[in-house]
Every structure is written in C-alpha cells, then in structure tokens.
Amino acid sequence: MNLVKKLSSKNLLVFNLVLIGVIFGFSLAFLSFSCSTPNTRSIARAQNSPVIVSEADLAAAVGLQNVFNAVSEKVLPSIVELKTVSVQRRNLPSFDGIPWEFFFGPRDRSPDRGGQEREFRSQGLGSGIIVRHNNGTYYVITNHHVVDNTSEIRVGTRDGKEYTAQLVGKDDRRDLAMVSFSTTDHYPLAELGDSDDVKVGDWAIAMGNPLGTSFSFSVTMGIVSAVGRTGGPGRNINDFIQTDAPINQGNSGGALVNIHGEVIGINTWIASNAGGGNVGLGFAIPINNAKRSIDEFITTGTLTSGWLGVSLTEPGREIAEALGIDGMRGALAAMVFLDSPADKGGIRAGDFITHVDGREVRGVTQLTMMVGDLKPGDRAAFTVVRDGTTREIQITIEARTDEVASNSRGLWPGVIVAPLTNEIRESRNIDRNVMGLYVGRVEPDSPADVVGMREGDIITAVNGENISDLSSFYRLLRERTATELWFGFIRSGNTLESLRFRR
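To start, this report covers the structure provided alongside it. (Residues numbered from 1 in each chain as written. Predicted model: local features only at pLDDT ≥ 70, side-chain atom pairs only at ≥ 80, totals over all residues. Heavy atoms only, no water.)

1. A closer look at the overall build of the protein
Inference 1: Summing up its helical and strand segments, the protein has twelve helices and 32 strands in all.
Inference 2: Sorting the 503 residues of the protein into buried and exposed places 42% on the buried side.
Inference 3: Taking as baseline every contact in the protein between residues at least 6 positions apart, the subset at least 24 positions apart corresponds to 62%.
Inference 4: A total of about 26700 Å² of accessible surface is found on the protein, and carbon and sulfur atoms cover 52% of it. (Helix = DSSP H or I, 4+ residues; strand = E, 2+ residues; numbered from the N terminus. Buried < 20%, exposed > 50% of the residue type's maximum accessible area, 1.4 Å probe, protein only. Contact = heavy atoms within 4.5 Å. Areas by Shrake-Rupley, 256 points an atom, 1.4 Å probe, with all protein chains shown as cover.)

Structure representation (structure tokens):
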C-alpha cells in the first residue's frame, strides 16, 4: 500500500511536469503563429534582432513610395537636358621676348608681329521644362544663366533623342530664358502649380540633369525649407523657394515639383562650400514668377518690366524708429528719379511704401517684382507712410530700360543718410554735441555728388534750415528743394556749405 502510494505520487509528479511542458510548448507555438499572421511582418535588423512592422504601416510607406513613382513618371518626360556651346575668340601671346629662337630657330611672324587669334569652345549643361506646344514646336523654360552667351543649344529628351534648339528670349533680372525645338514626336507638357500655395514643410521633388550626362534625368527628394528667400547671384529679383532636395550643377532650369506632380519652381542656384557641392541649401524661382514670362517670351521674344523710378532700401531699426515706421512691412523710397513715374505722381524721398493696389509689400525684393509685373501704361495705387500719415498715390507706370534705371544723374537727392547713433559717433570720433545726419552713401553724378557731398560727411542743414533728425531731413527735401538744393555739412571737423544744384 505504501509502495502504491509512493508510485502514485511519483507518477503524479511526472504527470504534472509533462503537463507543464505541453502548456509551455503550446504557448511558444501560439506566439510563433501570432507573429507570422498577415497583420504583421518581421524585418531583419543588426545582430539578427527583428523589428515587428504592421502591415498597415508598411502599406502606408509603400503608398508614399508609389506616389513618388507616379510623380516621377508624370513629370520626367517633360524635363529636358540642355547642352550648350559657347565660342570665344582670343589672341594668343606673340612670345616676343621669350628665347624661342634660341631653342627652335627663327619663326614665321605675321606682319604686325602680334599673336594669333584662336577660337575657344566651352561646353555647358543645364535643364529645362517643356511648358508649351504649338504646331510642332515645343517651348522650354529654363534659367538665363544656362543659355547666356551660348552659340549652340541642343535639347536632349528622356527617350534619348536630341534636337537643335533656338533661343526664344531671355531676361537676366528674372534669370529666366526660353528655347524652342521642333519635332513631330510627342512630349507631354509639364503641369504648372500655384507657388503661392507652397508652405514650409511641403514635400519638394527636384528633377534635372546634375553633374553631367551620366546623371541625366535624376530625381531627388526633400522638403520646402523656407519661402521668400532673397539674394542669389547676379541681379536676381526673385523671392526664392528654399529646399533641401539635393540640387547640383546641371540642375539649373529643372523643375521643383510638389507631391501632386505640379511644377512649383525652377531650380536656379545653390549655396555651397568651397568645393561647390550641395549642402542642403537649394533655391528655386517660384513658378508664379515665370508664368507671365512664358507667354511674353513666345509672343514677343522679350520681357517688359514696369518702372516706378525709386531707389529702395529696407530701413534698419534706427531709421525705422526715426521715421515712425518701426514694425511695419514695406520698402523705403530713399531716393527718387527726377521726372520718373514716381516723381510725376507725387512719391517723394522718405516715403515708406506699404501696399500696391491693396497688396502688402513685404520688402524691397517683393516691391521690385510687383512693379516689374505691371505693364507700361498701367495705373496703380501706392500706399505710403509719410510723416506718420498714410496716404494713397496714383502712379502711371512706364517701361523700364537699363538706361533709365542706371541714370544716377536723375537720382534725387543722391545721398543715403542715417541718424548719428552711438556706434557711428564712436567709430568716426564724432563729438556728442554735433547734431545732424551721417552720409553713408553718395551716388556718382547725382545732385548730392555734384554739390560736393562725400561719404562720411555730416549734414547739418538743407537749403539753409537746420535739421535735427531724419524726419526733418526728408520734410525739408520735399518742401524746400523744388528747384535747387544745397547742404550745410561738417567734414573733418570743419563746417562747410555745398554748391547749389538746380533741377
């Protein structure tokens, strides 16, 4: 009996151990099964450690990838490669004075003993966007700097074909140009979006031909880093879209595209280190800046720009406080061209322009573009702040030409002044008892230059009346200088009076 009991207890123990093993085995099998169900997927990682990704997450990633695929297939056929050739002729040195004859004997020389003229050919590469088609002719928008001073232009398409292209028109201030090529082959037109809707953080997809033909028709992706950026090479007047989508040499003129496959910008320049590579700072011309140019290039071959006739600055804090415009957005008309639309309409030096036809002016670059987009003969309402009062001035716009825009003889008064801040006094050793305005710049051949003003002078009076601040300076320019101008000023500690300038 005791033996039976012992055997029973032993069997019970074995039974319990077996039961625990079975339960543990089923648990492992269940966990293994649950991890391999259709709702999850195991992705191998370093040290063979799996990361469990749900099918929903993976589907979302694949969906985004499919969007990039679709955008690329939609837009790339309308992107072209621009191959350019520039030809320059230069005189080679005559080698006179070099011991040529000592080593090689006498040489044949031209009668004038001068050097020989040689032709030098340099190749360039850029990108373009097909935007119009008319009777077998395709029109491509690109950058001015891509085709400037070129003798030959060829267009390469994604299907491997090349066509001879003609320059339709170009504009260096907008850094825009257009070329055309003719063929019976079919190429899609790019869909142009609305760059005014672009926001920081939007997807940005760059397309073009970076760094030579080995990388033609590349697609890179990033986000919109900023909008409304100014600056850049040359005389650019654009408010650029900034992106971290990789853009390199050869991408110029290519498309910056949104997630819908719409062109929102024209890739133009990069900020880079000494090596010239991309560092995540690429800039594109907003496509809205180019839309009017596209039609105007095709119809006339050139772009017309409106001209207001003012020299604009963005005032610093001291100037803004002195004029009572601190915290306001706009651009300061520091000088006005005589007999310009602004002069004829009543804008005066010292006016702070805040709106054009009700649209807010955010700065000098934007105002320059707003005026440039106006056509000669257009009448526009300019809202200005003068002596703390807001007023509206109607101006009839004229055509801008390089001649009228660079004629500094007509700039009134031709001098940029600033309040005598503590920093200026200390750096120039100006006594604190001296009152007036510091001359920061004098335009060559302007009225101020003609009467003898120089940078560093301190203006103390205008036409015989003392000035105490910037506001009184501009007031006296408006009230006392209808026909002539002279200044009282201090130079190197000496009180002087300038010559009179008559309009």
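Now, onward.
2. Considering the side chain of N238
Inference 1: Mapped onto the elements, N238 comes out in the loop between strand 11 (218-229) and strand 12 (240-243).
Inference 2: Residue classification places N238 among the buried residues on the basis of a relative accessible area of 2%.
Inference 3: In this structure the side chain of N238 is engaged in a polar contact, spanning 3.0 Å, whose partner is the backbone oxygen of R174.
Inference 4: In this structure the side chain of N238 is engaged in a polar contact, spanning 3.0 Å, whose partner is the side chain of N289.
Inference 5: The contact partners of N238, leaving out residues within four places of it in the chain, are R173, R174, R229, T230, I285, N289, T365 and M369. (Polar contact = N/O pair within 3.5 Å; in protein donor to acceptor, adjacent residues only side chain to side chain.)

3. Focus: the sheet that holds strand 14 (residues 263-270)
Inference 1: Strand order in the closed barrel formed by six strands is 10-11-12-15-14-13, with antiparallel pairing between adjacent strands. Neighbouring strand axes in the sheet, compared pairwise and without regard to direction, differ in orientation by 45 degrees on average.
Inference 2: When strand 10 (residues 203-208) meets strand 11, the two strands line up antiparallel, connected through six bridges. Bridge pairing in strand 11 places G208 opposite S218.
Inference 3: Docked against the sheet, helix 2 (residues 55-75) engages strand 10, strand 11 and strand 13 (255-257), running at close to 40 degrees with respect to strand 10.
Inference 4: Running over the sheet, helix 5 (residues 287-300) touches strand 14 and strand 15 (282-286) and is turned about 45 degrees from strand 15. (Pairing = 2+ DSSP bridges. Axes fitted to C-alpha atoms, helices over the stretch in contact; angles between N-to-C directions.)

4. Things to note about unusual backbone geometry
Trans is the prevailing form of peptide bonds, just as negative phi is the prevailing case for residues other than glycine.
Inference 1: Here the residue pair W412 and P413 is connected by a cis peptide bond, since its omega of 0 degrees sits within 30 degrees of zero.
Inference 2: Relative to the helices and strands, P413 resides in the loop between strand 24 (411-412) and strand 25 (415-419).
Inference 3: If you check the backbone angles, F217 has positive phi at about 55 degrees while not being a glycine.
Inference 4: Within the secondary structure layout, F217 lies in the loop between strand 10 and strand 11.
Inference 5: Owing to a relative accessible area of 16%, F217 belongs among the buried residues under this scheme.
Inference 6: A positive phi is found at D339, a non-glycine position, where the angle reads about 65 degrees.
Inference 7: Secondary-structure assignment places D339 in the loop between strand 18 (331-337) and helix 7 (341-345).

5. Focus on the pairing of strand 19 (residues 351-356)
Inference 1: Within strand 19, five of the six residues are buried, leaving the element largely enclosed by the surrounding structure.
Inference 2: The pairing of strand 18 with strand 19 spans three bridges and is classified as antiparallel. Bridge pairing in strand 19 links A333 to D351.
Inference 3: Note: strand 19 against strand 21 (residues 379-386), four bridges, orientation antiparallel. Within strand 21, the residue paired with I353 across the bridge is V384.

Don't take any of this as a statement about function, it's just geometry.
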